[in-house]
Amino acid sequence: MTLPASPADPAPLTAPAADLWKPVLTRAVVALAFGAVTVFWASPSASEMGWAGGLYLLAVGVTLLRGIGKFGLDAKMPAGKVIAAAGAVMTGAGVAVVFLGSELVFGVLAALGLGLLGAAELYLGMLFRGRSVLARDWLASGVIGLGTAVALPFFISLGAHALLGVAGGGAIISGVLWVLAALTLRHDARPVSSEAVN
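Basis of the calculations
For every chain, the first residue of the written sequence is number 1, and numbering continues from 1 onward in sequence order. Totals for whole chains, interfaces and linings use every residue, but because this is a predicted model, local features are given only for residues with pLDDT of at least 70 and side-chain atom pairs only at 80 or more, for both listing and counting. Side-chain metrics rest on all non-hydrogen atoms present in the structure, leaving aside hydrogens and water. For this analysis, a nonpolar core means a set of buried residues of the types Ala, Val, Leu, Ile, Met, Phe, Trp, Tyr and Cys, connected via side-chain atoms within 4.5 Å. The buried label goes to any residue with under 20% of its type's maximum accessible area, the exposed label to any with over 50%, and the partly exposed label to all in between, with areas taken from a 1.4 Å probe on protein chains only. A run of H or I in DSSP counts as a helix once it spans at least four residues, and a run of E counts as a strand once it spans at least two, with each numbered from the N terminus. Contact definition: two residues touch when any of their heavy atoms are within 4.5 Å. Salt-bridge detection follows one rule: a side-chain nitrogen of Lys or Arg within 4 Å of a carboxyl oxygen of Asp or Glu.

Novice: I tried to follow the nonpolar core on my own but got confused; where do I start?
Specialist: Buried together is how nonpolar side chains tend to be arranged in soluble globular proteins. Counting 49 residues, the largest nonpolar core has Val-24, Leu-73, Phe-106 and Leu-152 as the members making the most contacts within it. When residues of this core are traced back to their parent elements, those giving at least two are helix H1 (21–40), helix H2 (46–67), helix H3 (78–100), helix H4 (103–127), helix H5 (135–151) and helix H6 (160–197). No other element matches H6, which puts 11 residues into this core. Once residues within four sequence positions are removed from consideration, Val-24 is found in contact with Phe-71, Leu-134, Trp-178, Ala-181, Ala-182 and Leu-185.

Novice: Explain the pattern of salt bridges to me, please; I cannot follow it from the model alone.
Specialist: Opposite charge on two side chains permits them to pair, given that their charged atoms come into close proximity. Counted according to the given criterion, the structure contains 1 salt bridge. With a shortest N-O distance of 2.5 Å, Arg-27 and Glu-121 are connected by a salt bridge. With Arg-27 in helix H1 and Glu-121 in helix H4, this residue pair connects regions lying 94 residues apart in the sequence. Glu-121 carries the same exposure label as Arg-27, and that label is buried.

Now the structure itself:
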């Protein structure tokens, strides 16, 4: 099933999958787990920060790449390519941060990945406003991602704990947002599946 395209976007948006809540919840759990680690980790080393932050970026990137079709996006169309590019950059940034593990690398690459993802989500939120159940969540998550990306470079000189605190704070806020979105999607999907059985 394909939804009509808006005049501004010639590419149609396909209907999101009934189990859309699963990749949304996965992303929320990844963000909240990372946020919890940063809250309770008193003095991480640069290498430990690299592993924790890199795995977080990598997990978010992979979750995005695997969820493109379920989001109702076609990977061959511009909107799908935007989220695929953001997911690929997050994945690459995560791998680089894991292996290079320094405050400067984390501050720059995490800011780059989160900033690109935030911009992509803002774009999708505005593009599909009123046509996708995720539009509002993309807008809010985009603002959080851009805010975190802008703040990170200012904390490079303060060390690993400060950098993880900033990234973890953004992760917690976005994690709560995506949990609420996943629960709403799950709730809305239940009547549809029960009607299909009858």
